[in-house]
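What follows is each chain in one-letter form.
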Amino acid sequence: MRPSLLLTLLVISVASSASAQEGAASLEGVGRISIQGGWRLVSNSTFYDNFYSRPGNEGLERAPGSRGGPLAVGTFAYGISELMEIGIDLFGYIERLQLTGQPRLTTASYGALLGLRFRTWLDLGPEGTVPFVGILSGPVLASAIFEGGQVRETFSQGTAATVGATLRLTPSWGLSAEYRLVFARGGVGRPDERLGSFNAGGSWFSLGVNYTFARELAPSSRSPF
């Protein structure tokens with residue numbers, strides 16, 4: 001990940017933490033689940049450039065670029081402090097590409113990204129708003145198959161930066177919106193064909209529901225009755 005991007009994320013986190021108001025809901029020791037659906041955008045310009053520069057393909061009319069595809073993400077996180085939560089994002093997506101003179105190409109990917117999110121609480125909305133930024137990394141299995149051909153699967157280590165917010169409608173339920181910038185790649189075709197690799201990351205936009213578990217009270221703070 002670019003150092004400047006990581007620095008920007010940390011600066012935003014510190015600034016938003018400083019702006020949190022008194023009376024904030026406690027975030028430490030609280031778990032949550034977020035289920036989101038969205039759209040993945042990626043140009044795949046490097047993959048297209050490689051294909052149309054191959055010997056014999058220079059004169060081919062270039063096909064339209066990628067339009068992206070649907071995305072699903074499930075986040076399972078736990079607040080290790082007021083400022084930070086650790087979590088895992090399970091994801092999957094599918095996309096269809098077309099190259100001139102080739103069968104339709106379908107790419108898909110799924111995996112798990114583990115990381116930290118830095119967040120705070122703002123007195124906005126019915127039960128407050130929790131903005132966050134984070135860094136994630138984990139295994140990505142990317143697959144690509146030409147129609148009628150054999151699938152090629154590629155394991156890679158994906159990295160991502162994320163920014164988003166949860167609008168809490170009740171103490172338990174809320175709406176989450178998130179943007180992830182993901183870096184990962186997957187191979188296409190047989191290795192001897194040297195078709196290159198496609199962008200298995202890209203810009204991920206998602207929206208969904210968030211469920212926050214009730215905070216566990218310490219034994220000493222519970223009522224004896």
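Residues numbered from 1 in each chain as written. Predicted model: local features only at pLDDT ≥ 70, side-chain atom pairs only at ≥ 80, totals over all residues. Heavy atoms only, no water.

Moving on, we get to the nonpolar core. Counting 26 residues, the largest nonpolar core has Phe-47, Phe-91, Tyr-93, Leu-99, Leu-105, Val-188 and Phe-198 as its most contacted members. Listed by contribution, the elements that provide at least two residues to this core are helix H2 (45–52), strand S2 (69–79), strand S3 (84–97), strand S4 (105–119) and strand S5 (129–146). (Core = buried A, V, L, I, M, F, W, Y, C linked by side-chain atoms within 4.5 Å. Buried < 20%, exposed > 50% of the residue type's maximum accessible area, 1.4 Å probe, protein only. Helix = DSSP H or I, 4+ residues; strand = E, 2+ residues; numbered from the N terminus.)

In this section: the confidence of the model for the protein chain. With 84% of its residues at a pLDDT of 70 or more, the protein chain shows a mean pLDDT of 86. At the low end of the mean pLDDT range in the protein chain sits helix H1 (residues 3–18), at 47; at the high end sits strand S7 (residues 173–183), at 98. (pLDDT = per-residue confidence, 0-100.)

In sheet architecture, strand pairing relies on hydrogen bonds along the backbone and comes in two forms, parallel and antiparallel. The strand order around the closed barrel built from 8 strands is S1-S2-S3-S4-S5-S6-S7-S10, with neighbouring strands paired in antiparallel fashion. Each strand axis lies, on average, 25° off the axis of its neighbour in the sheet, ignoring direction. The pairing of S2 with S3 spans 9 bridges and is antiparallel. Bridge pairing in S3 places Ala-72 opposite Gly-92. (Pairing = 2+ DSSP bridges. Axes fitted to C-alpha atoms, helices over the stretch in contact; angles between N-to-C directions.)

Another aspect to go through is the packing of aromatic side chains. To describe a pair of aromatic rings, you give the distance between the ring centres and the angle between the ring planes. One pass over the structure, following the stated rule, counts 8 aromatic pairs. Between Tyr-48 and Tyr-52, the ring centres sit 6.4 Å apart and the planes meet at 25°, which makes this aromatic pair stacked. Of the two residues, Tyr-48 and Tyr-52 are both situated in helix H2; the distance of 4 residues between them amounts to about one turn of the helix. Tyr-52 matches Tyr-48 in its accessibility class, with the two residues each being buried. Summarising the aromatic geometry, the rings of Trp-173 and Tyr-211 are spaced 4.8 Å apart at their centres and angled 65° between planes, so their arrangement reads as edge-to-face. Of the two residues, Trp-173 is situated in strand S7 and Tyr-211 in strand S10 (residues 202–212); the sequence distance between them amounts to 38 residues. Judged by relative accessible area, Trp-173 falls into the partly exposed class, the value being 48%. By relative accessible area, which is 28% here, Tyr-211 ends up partly exposed. These aromatic residues form a ring-pair network of at least three members: Phe-47, Tyr-48, Phe-51 and Tyr-52. (Phe/Tyr/Trp six-rings, centres within 6.5 Å; stacked < 30°, edge-to-face > 60°.)

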